[in-house]
Amino acid sequence: MRASKKNRAHSTKRKKYIQQHSASGLTPYDIHVSGAEGLYKESDISRIINEYIARAINHPRGKPDTIAITLEKLRRKPLTISSLPVKTINSRSRVTAERFVQKILVSAGISEHAIEKAFSIMQSPQTLRGAALVTKVSGSRIDPDKQRGVRVSRLGITEKAAGILSRNLAGQKINITTVKEAIILASKVASSQHIMAELCISDDPDYTTGYVSSRKYGYVRIPHIKRKRSKKGGRVFFVRENTDVEELIEFLETSSVIIIKIADCSGVVPLHEILDSNNK
Ligand code: WAQ
Ligand code: MG
């Protein structure tokens, strides 16, 4: 599902674009409101579509004027993976949150320069619909469509694994869709050997917890990473310098991946314990 609304500041350019490209849906002059994707059984489709529509209509980023829904039959069996272990760091302000992000990313092999680049992409007033790909040392942005980014899709979780994940998250009082979907996405992303780490800040104005994830340290939740009421946010995937971009985008956007096994979910953990954990 993807929901958008017209950017009133660009209505003339938008009209022109539609005429020139005979586009009926999203143009570069629309504002991204919300999106969602998953792998589902046929018998669940109508329920999920209704849930997605309700979400799009009642989204805190505003009322969309276009909602597009695409359904697709899987052609191949999905690749099966484990979820990342989940932990929360005790950041109490934006300053400490950013410092923790910095420390974890540097320990995961990301350069200060690449981290600065990631923050500057997320500070931009135009939120992307997808994620930016930034090389881990030189900090270059390598995804081809700078207005869109790369949208991770074809990802899901089996019913059994979802039940276990919900139970684990409920133990930490964080069993909400936002967290579950983010863990599923981060786990697919981290399963790519091209990607060393991910930084995510929600674009929802009320949601101020973000995360840093990596195979090395798992999914680390970072409270207070953004100011309340800000609509800025985004995702950056830090990739190896010599990444084959086309191959990576193909994996993220079109290969189906499903979570069948759930890793630990711990509560609040101090930074040194996270840095000592080193899963792989
Ligand atoms: N693929 C790539 N990028 C995406 C995708 C996707 N499927 N979905 C969202 N993004 C990008 C896009 O730039 C959005 O602006 C940005 O991420 C934020 O998306 O454990 O809600 O859906 O408490 O607002 C983190 C949960 C929640 C932390 C993240 O992201 C926790 C969230 P949102
Ligand atoms: Mg959002």
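Residues take numbers from 1 onward in each chain, read along the sequence in its written order. Working convention: letters from A go to chains and numbers from 1 go to ligands, in the order in which they are written. Only residues with pLDDT of at least 70 are given local features in this predicted model, and only at 80 or more are side-chain atom pairs given and counted; all residues enter the totals for whole chains, interfaces and linings. Values shown for side chains rest on all heavy atoms present in the structure; no hydrogens or waters enter the calculation.

Trainee: I would appreciate a short explanation of the overall build of the protein in the present structure.
Mentor: Scanning the protein from terminus to terminus reveals eight helices and 13 strands. We compute the radius of gyration over the C-alpha atoms and compare it with the globule rule, which gives 2.2 Å times the number of residues raised to the power 0.38. Taken over C-alpha atoms, the radius of gyration comes to 18 Å for the protein, in line with the 19 Å a tight globule of 280 residues would show. Its C-alpha atoms give the protein principal-axis dimensions of roughly 55 × 45 × 35 Å. Relative accessibility thresholds used throughout: buried, under 20% of the residue-type maximum; exposed, over 50%; partly exposed, between the two (1.4 Å probe, protein chains only). Residues classed as buried in the protein amount to 47% of the 280 residues present. Residue contacts are counted whenever heavy atoms from the two residues lie within 4.5 Å of one another. Across the protein, the fraction of contacts at a sequence separation of at least 24, relative to all contacts at a separation of at least 6, is 73%. Positive charges are assigned to Lys and Arg, negative charges to Asp and Glu, while His and the chain termini are left out of the count. Every charge is mapped onto a representative atom, which is NZ of Lys, CZ of Arg, CG of Asp or CD of Glu. Taken together, the 48 basic and 27 acidic charged side chains of the protein have centroids lying 4 Å from each other. Elements are defined by DSSP. Helices are runs of H or I of four residues or more, strands are runs of E of two residues or more, and each kind is numbered from the N terminus.

Trainee: Sorry, what's going on with the packing of aromatic side chains here?
Mentor: Geometry of an aromatic ring pair is reported as the spacing of the ring centres plus the angle between the planes. Each aromatic pair joins two rings of Phe, Tyr and Trp (for Trp, the six-membered one) with centres within 6.5 Å, and gets the label stacked for planes under 30 degrees apart, edge-to-face for over 60, and tilted for any other angle. Tallied over the full model, the rule gives two aromatic pairs. Aromatic pair Tyr 40 and Tyr 52: ring centres 6.4 Å apart, planes at 75°, arrangement edge-to-face. Here Tyr 40, found in the loop between strand 2 (30–35) and helix 2 (45–57), pairs with Tyr 52, found in helix 2; they are 12 residues apart in sequence, far enough to count as distant. Overall, the relative accessible area of 8% leaves Tyr 52 in the buried class.

Trainee: What is the right way to look at the nonpolar core in this model?
Mentor: Most often, soluble globular proteins have nonpolar side chains that are buried together. Among the buried residues, those of types Ala, Val, Leu, Ile, Met, Phe, Trp, Tyr and Cys that are joined through side-chain atoms within 4.5 Å form a nonpolar core. Core analysis: the biggest nonpolar cluster contains 35 residues, and Leu 133, Tyr 219, Phe 237 and Leu 252 have the highest contact counts within it. Of all the secondary structure elements, the ones that give two or more residues to this core are strand 6 (131–135), strand 7 (155–157), helix 5 (159–171), helix 6 (177–190), strand 8 (195–201), strand 11 (234–239), helix 7 (245–254) and strand 12 (257–261). By residue number, the principal contributor to this core is helix 6, which donates eight residues. Beyond its immediate chain neighbours, meaning those up to four positions away, Leu 133 contacts Ser 140, Arg 141, Ile 142, Asp 143, Val 150, Phe 237, Val 239, Val 245, Leu 248, Ile 249 and Leu 252. Within the second largest apolar cluster, 31 residues are counted, among which are Ala 97, Ala 108, Ala 114 and Ile 121.

Trainee: How do you make sense of the pairing of strand 10 (residues 218–222) when you look at a structure like this?
Mentor: A regular strand carries its side chains on alternate faces of the sheet. Where burial is concerned, most of strand 10 is hidden: five out of the five residues are buried. Alignment of strand 5 (residues 86–88) against strand 10, held across three bridges, turns out to be parallel. Residue pairing for strand 10: Thr 88 is matched across the bridge by Arg 221. DSSP-based pairing: two strands are paired if at least 2 bridges between them are found. Pairing of strand 9 (residues 210–214) with strand 10 involves five bridges; the strand directions are antiparallel. Residue pairing for strand 10: Val 212 is matched across the bridge by Val 220. Connecting strand 9 to the next strand, strand 10, in antiparallel fashion are three residues.

Trainee: What am I meant to see in the environment of Lys 173 here?
Mentor: Mapped onto the elements, Lys 173 comes out in the loop between helix 5 and helix 6. Sequence separation of Lys 173 and Tyr 17 is 156 residues, and the distance between their C-alpha atoms is 46 Å.

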